[in-house]
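Inside the fold
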Amino acid sequence: MKNPEGAHAIAVGLDQAIDVLVEGHVGYFAAGMNEQATVTITGNAGQGVAENMMSGRVHVKGSASQSAGATAHGGLLIIDGDATARCGISMKGADIVVGGSVGHMSAFMAQAGRLVICGDAGDGLGDSIYEARLYVKGQVSSLGADCIEKEMRPEHLTELAELLALAGRPEQPGEFRRYGSARQLYNFHIDNVDAY
Amino acid sequence: MTTTTSPVTDPAAKGLRENSTFDKLTIAAIRKAAATGLYDIRGGGAKRKVPHFDDLLFLGASMSRYPLEGYRERCDTDVWLGTRYAKKPLHLKTPVTIAGMSFGSLSAQAKEALGRGASEVGTSTTSGDGGMTEEERTHSKTLVYQYLPSRYGMNPRHLRMGDAIEVVLGQGAKPGGGGMLLGQKITERVAAMRTLPVGIDQRSACRHPDWTGPDDLRIKILELREITEWEKPVYVKIGASRPYYDVMLAIKAGADAVVLDGMQGGTAATQDVFIEHVGIPTLAAIPQAVEALQEAGMHREVQLIVSGGIRSGADVAKALALGADAVSIGTAALIALGDNDPALEGEYNKIGSSAGYYDDWQAGQDPAGITTQDPELSKRLDPVAGGHRLANLLRVMTMEAQIIARACGKAHLLHLEPEDLVALTIEAAAMTKRPLAGTDWIPGQAGSQAGSL
Ligand SMILES: Cc1cc2nc3c(=O)[nH]c(=O)nc-3n(C[C@H](O)[C@H](O)[C@H](O)COP(=O)(O)O)c2cc1C
């Protein structure tokens, strides 16, 4: 597909194991709800790229706007450039690898899956996070409620190495830190009121 | 003979006066907050008395209009929803539909019963925050699939399996609020459907994760239509707060239908303070929504589905006369299944409630097996019998609406019109712009002479 010129809802709802090459920039929700297909976007992607992806692979060679990979259940989203706010918001099992940095409130309420950030993360990373795992190489401006740094155990180094390899990244797993849920807000308690 | 000490059951007789600001319920709430540090979470809708359909009356036919013969002359009840853009709009036999109630808040048996009851009379059910279950899809001939901020269990396969898509922005019980499902109800099945750990308190988001505002919504609707081949009606559900603007924006965003839920609308679990103090009554919201539809030239083209406190055929007829195309019921449907059944009084007492008052739908201990995930309790609801009771209620509501429509001389429920109504209270007159009964007075309209003739 050539010259999408920022059109919205490009290559959405694909449900076959096909390869789609989009040459240029795309608008909102490109490759939304993807199943099985491999979609490559050579330019930048607008809001909600690969939102609610179920499986397959979406590769943005440029940068991505807000809410990249929002609620995605499966598959792999690769963004070579930066992603802005709310990257991986509410993600439910997908893997996301961002070559650059992500904006504020990324991985907000992230439920499952893995988000790898090779650059920096903006404010409020992983706010109200559930069981997703976050890996960041650069600086984290601040962590959101209930998100803490966690020990990088061997199994984490292994899965991170796999993800970096799948995304064709040169970074080494040892350069990253891991973040996840402190699980303190899982059940309401009045003593945690400041966090709500 | 009377004794000198009168029983304490009537403090007023002793000259004790209840404070209307600090009444007994208020005192109990303050005491509870102080003792526990917790606010009250419950199910159901606003309990306070607000202007409602009871504040309207129909003007039956008279000299200037003639009625239709009850039972003999036709009064049709079917309704089309989604005629604006959808290739496959829904055609329902009655305008009374079943509102979205999540699996998770309701048992699988309850979802099945809703599907069975609705299908028996040719109307639709709606999924809810928690995804589509086999029980509901199998037993519901026409199923509206909700697309919510949480996107729990949302997947393109289910999106395509639905007969319509309802993009949920809000609920009348809590406009501006997200969902909650407390840990007791997050069983393994519920947790798996929502991709969450078992037993945690689940908070669902109040905003959609990948769009904000009407311009984005327009693109979101485009995406949903592309994925479903432009076949399915796309509804937008709003909680009643600023219905004129919200409906106008929903029309501009490309909705096929708008679902408008007033503050009496039920919820599975929300803070009491939210339910009682945020949002406006259904009665106040409908005329504003209709005004927006009319101004946009879209009345009847973009259908209006109203919910929030609909209990009877009279409520249905009044909603339609004010300009709605259909209604949805939640609480009334649960009551038909067996919620708050007086036969369970003893069991309600055991959990600190009473038949007719039970609203701890968040707690998962429902003796009627409806708002629970407990396998033993859920088994108490027979989906076949429950479905049949719901079908009965839906039939009665439809027939009652027909009785009123015929009396007003209407051959179709959708022919009911505002001119058929008058208001019983000044509030209702001001909200609906119908004259106060017996007068030609509409508050706010100078020298109003609107025809109550
Ligand atoms: C138990 C229960 C669960 C509900 N779950 C949802 C839901 O998942 N999504 C939604 O949009 N509304 C939900 N609602 C609200 C209903 O869709 C509907 O707006 C409301 O029940 C209508 O008002 P009524 O109960 O007075 O008929 C729920 C309501 C109840 C009672």
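As a starting point, this report considers the structure included with it.

So, on to the overall build of chain A. Each helix and strand counted, chain A has one helix and nine strands in total. When the elements of chain A are put in sequence order from the N terminus, they spell out β-β-β-β-β-β-β-β-α-β. In terms of its C-alpha atoms, chain A occupies a principal-axis envelope of roughly 55 × 35 × 25 Å. Burial statistics for chain A: of 196 residues in total, 58% are counted as buried. Contacts spanning at least 24 positions in sequence make up 19% of the contacts within chain A whose residues lie at least 6 apart. In the form shown here, chain A has an accessible surface area of approximately 7300 Å², with 46% of it arising from carbon and sulfur atoms. Taking the average location of the 14 positive side-chain charges in chain A and that of its 23 negative ones, the two points are 3 Å from each other.

Moving on, we get to the sheet that holds strand β8 (residues 147-150) of chain A. Residues and elements named next belong to chain A. Read across the open sheet, the nine strands follow the order β1-β2-β3-β4-β5-β6-β7-β9-β8; overall the sheet is mixed. Each edge of the open sheet is held by one strand with a lone partner, namely β1 (19-22) and β8. Here the average twist between neighbouring strands, direction ignored, is 15°. Inspection of the sheet shows β1 paired to strand β2 (residues 38-41) by four bridges, in the parallel sense. By the bridge assignment, Leu21 is partnered in β2 with Thr40.

Looking now at the pairing of strand β7 (residues 133-136) of chain A. Residue and element names in this part refer to chain A. The pairing of strand β6 (residues 112-117) with β7 spans four bridges and is classified as parallel. Bridge pairing links Arg114 to Arg133 in β7. When β7 meets strand β9 (residues 177-181), the two strands line up antiparallel, connected through three bridges. The residue of β9 that forms the bridge with Val136 is Arg177.

Glancing now at the environment of Gly75 of chain A. Residues and elements named next belong to chain A. Residue placement: Gly75 occurs in the loop between β3 (57-60) and β4 (76-79). Looking at Gly75, the relative accessible area reads 23%, which means it is partly exposed. For Gly75 and Glu35, which are 40 residues apart along the polypeptide, the C-alpha to C-alpha distance reads 8.0 Å. Residues within four places of Gly75 in sequence aside, it is in contact with Met53, Met54, Ser55, Gly56, Ala94 and Asp95.

Core analysis: the biggest nonpolar cluster contains 93 residues, and Ile98, Leu304, Ile310, Ile329 and Leu337 of chain B have the highest contact counts within it. Membership of the second largest hydrophobic core comes to 42 residues, among which are Ala72, Val102, Leu134 and Tyr179 of chain A.

What follows is about the site of the ligand. Residue and element names in this part refer to chain B. Neighbouring the ligand are 26 residues; Gly100, Asp261, Gly309, Gly330 and Thr331 lie closest to it. Between the ligand and the protein, one listed contact pairs a nitrogen atom with a backbone N or O atom of Ser102 at 3.5 Å. The contact in question runs from an oxygen atom of the ligand to an N or O atom on the side chain of Lys237, over 2.8 Å. Against a free-state accessible area of 610 Å², the protein chains account for coverage of 98% of the ligand. Its residues assigned to classes, the shell around the ligand comprises eight nonpolar, 15 polar and three charged.

Calculation notes
Residues numbered from 1 in each chain as written. Chains lettered and ligands numbered in written order. Predicted model: local features only at pLDDT ≥ 70, side-chain atom pairs only at ≥ 80, totals over all residues. Heavy atoms only, no water. Helix = DSSP H or I, 4+ residues; strand = E, 2+ residues; numbered from the N terminus. Buried < 20%, exposed > 50% of the residue type's maximum accessible area, 1.4 Å probe, protein only. Contact = heavy atoms within 4.5 Å. Areas by Shrake-Rupley, 256 points an atom, 1.4 Å probe, with all protein chains shown as cover. Lys, Arg positive; Asp, Glu negative; His and termini not counted. Charge placed at Lys NZ, Arg CZ, Asp CG, Glu CD. Pairing = 2+ DSSP bridges. Axes fitted to C-alpha atoms, helices over the stretch in contact; angles between N-to-C directions. Core = buried A, V, L, I, M, F, W, Y, C linked by side-chain atoms within 4.5 Å. Near = heavy atom within 4 Å. Polar contact = N/O pair within 3.5 Å; in protein donor to acceptor, adjacent residues only side chain to side chain. Nonpolar A, V, L, I, M, F, W, Y, C, P; charged D, E, K, R; others polar.

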